[in-house]
Amino acid sequence: MTMPIANAEVLVSNPGRNFVTLRITTDDGFVGLGDATLNGRELAVAAYLSEHLAPLLIGRDAHLIEDTWQYLYRGAYWRRGPVTMAAIAAVDTALWDIKAKVAGLPLYQLLGGRSRSGLLVYGHASGMDLHELYDSIREQLAEGYRAIRVQTGVPGLASVYGVASSANASVGDGGDRRYDYEPARRSAVPVEESWDTRAYLRHVPTVLEAVRNEFGPELPLLHDAHHRLTPIQAAKLGKAVEPYDLFWLEDVTPAENQAALRRVREHTTTPLAIGEVFNTIWDYRELFEEQLIDYVRSAVTHAGGITGLRRILDYAAIYQIKSGVHGPTDVSPVGLAAAIHLGIAIPNFGIQEYMRHSPATDELFRPGYTFADGMLTPGEAPGLGVDYDDAVGQAHPYQAAYLPVNRLLDGTVHDW
Ligand code: CS2
Ligand code: MG
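Undergrad: Run through the sheet that holds strand S15 (residues 405-408), naming residues and quoting values.
TA: Strand order across the open sheet formed by three strands is S6-S15-S16, with mixed pairing between neighbours. In this open sheet, the two strands that pair with only one neighbour each are strand S6 (192-195) and strand S16 (413-414). Bridge analysis of S15 against S16 gives two bridges, and the strand direction is antiparallel. For Arg-407, the partnering residue across the bridge sits in S16 and is Val-413.

Structure (structure tokens):
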């Protein structure tokens, strides 16, 4: 029984931030969605899909998920890379969505069924100073979060990655303090920020110590260094924060050089998470085989879809490495739903990032997953459980936006 694909549409919309969504429709009317959003580079993936992949999909059998993955990956000749892998991810996710709808089952059932009752998530707290940070942590706790990422301002720096400035703290459409941590800014050129690694390294351990003392030993705390450190600086930070028992320290070094993590690992027992900018299993090979990390940060959206990420996580499992799937607001509700279905099924689930989309975004996608008591659950609708509302999408057209560029105080471009 084949199920030919009739249509593959690339939908680009901006309900407050840009999202690229692929919608595949079969001849007999089944519809599948895939997320292809690459923050700040959205139209490159949209063109890859509409110009190069959509024409190949028409008439193909929608049931052939693995074959289509291989056809698009090997068949391109040019391998890997965030644009290619986000495009393949969108096709793969849409085909899983369709297959589950044909089966009449929520997608996680096709991935092996439930392995747990829900996904523990972490929320986001931040403050330019301790007072703001404590308030933000209390708000997160009041909303039910049971694990919290802590990001802090650094004395002398006007703005820091992951920290809501007072000016943009209330971006939630309902006027709440829900914060979109790095809304790619809608401007003709990227905003520039400045960075001082020594000031950061002096300050962060004092903040994590204060937070641990204030909130007690139980609360899982996470921190993201956003690729800004050298291996030896990362080792120093990991060692300095050991007493505060972090759940993980994320992206300590630029991730391209896997061997850099050896240096970090030999100096600290602080758990390490990495991989939100990775896109294939090859990016993890040394990290897994030498057991240099503890959590995999890739999103379904950026790592070749459910097929790509599941393969990475199976490989991780043999080294006791767990999932910590990327879930910022630039992963759309389609990408997040895919992560939730995968996360509830896999044996080596660790934690799921949850940044919460704005009400306008949820109106566009109408996600069926739910957040309660610090846990996400996928819902029981067939497929991914997400719908795309064309009228809402058309009312919010694409707007050019860039992530910030980061410079050291002397003007040298640094990792953001
Ligand atoms: C971040 C991301 O969620 C995280 O841990 O590092 O928010 C990242 O900055 C964005 O996805 C960039 O688009
Ligand atoms: Mg991160």
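Undergrad: For the coordination of the magnesium ion (ligand 2), give the residues involved together with the corresponding values.
TA: For the magnesium ion (ligand 2), every protein donor is listed as Asp-224 (OD), Glu-250 (OE) and Glu-276 (OE), and the spread of their distances is 2.0 to 2.2 Å. All donors of the magnesium ion (ligand 2) belong to a single chain; written as a sequence motif, their spacing is D-x25-E-x25-E. Of the two residues, Asp-224 sits in strand S7 (residues 221-224) while Glu-276 sits in the loop between strand S9 (272-274) and helix H9 (285-289), which places them 52 residues apart along the sequence. You'll find Asp-224 and Glu-276 in the same group, each marked buried.

Undergrad: Kindly report on the nonpolar core, identifying the contributing residues and their values.
TA: With 115 residues, the main nonpolar core has Ile-24 and Phe-288 as its most contacted residues. Of the residues forming this core, the biggest block, 11 residues, is contributed by helix H3 (residues 82-103). Per-domain counts for this core show at least three residues from each of domain 1 (5-106) and domain 2 (119-383). Leaving out residues up to four positions away in the same chain, Ile-24 has contacts with Ile-5, Asn-7, Ala-8, Phe-30, Val-31, Gly-32, Leu-57, Val-91, Ala-94, Leu-95 and Ile-98. Counting residues in hydrophobic clusters, the runner-up holds eight residues, among them Tyr-122, Ala-147, Ala-273 and Tyr-295.

Undergrad: Talk me through the sheet that holds strand S3 (residues 31-35); I want residue IDs and the actual numbers.
TA: As summarised here, the arrangement of the three strands in space is S1-S2-S3, forming an open sheet in which the pairing is antiparallel. Only two strands of the sheet have a single partner each, and these edge strands are strand S1 (5-13) and S3. Each strand of the sheet is rotated relative to its neighbour by a mean of 20°, with strand direction disregarded. Alignment of strand S2 (residues 19-26) against S3, held across five bridges, turns out to be antiparallel. Bridge pairing links Leu-22 to Gly-34 in S3. Sheet strands touched by helix H1 (residues 42-57): S1 and S2. Its angle to S1, the strand with the most contacts, is close to 170°.

Undergrad: So what's going on with helix H10 (residues 305-317)? Residues and values would help.
TA: Under the 1.5 Å per step criterion, the end-to-end length of H10 is 18 Å for 13 residues, consistent within 8% with the ideal 18 Å. For H10, every residue scored as buried is listed here: Gly-305, Ile-306, Thr-307, Gly-308, Leu-309, Ile-312, Leu-313, Tyr-315 and Ala-316.

Undergrad: Report on the packing of aromatic side chains, specifying residues and quantitative values.
TA: All told, the structure shown has 17 aromatic pairs when counted by the stated rule. On the numbers, 4.9 Å between centres and 75° between planes, the contact of Tyr-77 with Trp-78 is edge-to-face. Judged by relative accessible area, Trp-78 falls into the exposed class, the value being 64%. Site record: aromatic cluster; members linked through ring pairs are Phe-278, Tyr-284, Phe-288, Tyr-315 and Tyr-319. Here the basic side chain of Arg-60 rests over the ring of Tyr-71, its NZ or CZ set 4.4 Å away from the ring centre. Taking the ring centre of Trp-69 as reference, the NZ or CZ of Arg-311 above it sits at 5.3 Å.

Criteria and cut-off values
Residues numbered from 1 in each chain as written. Chains lettered and ligands numbered in written order. Predicted model: local features only at pLDDT ≥ 70, side-chain atom pairs only at ≥ 80, totals over all residues. Heavy atoms only, no water. Pairing = 2+ DSSP bridges. Helix = DSSP H or I, 4+ residues; strand = E, 2+ residues; numbered from the N terminus. Donors = N, O, S within 2.8 Å, 3.2 Å for Na, K, Ca; no water. Buried < 20%, exposed > 50% of the residue type's maximum accessible area, 1.4 Å probe, protein only. Core = buried A, V, L, I, M, F, W, Y, C linked by side-chain atoms within 4.5 Å. Domains from an automatic or database assignment. Contact = heavy atoms within 4.5 Å. Axes fitted to C-alpha atoms, helices over the stretch in contact; angles between N-to-C directions. Expected span 1.5 Å × (residues − 1). Phe/Tyr/Trp six-rings, centres within 6.5 Å; stacked < 30°, edge-to-face > 60°. Lys NZ or Arg CZ within 6 Å of the ring centre and 35° of its normal.

Shape is all these values report; function is a separate question.
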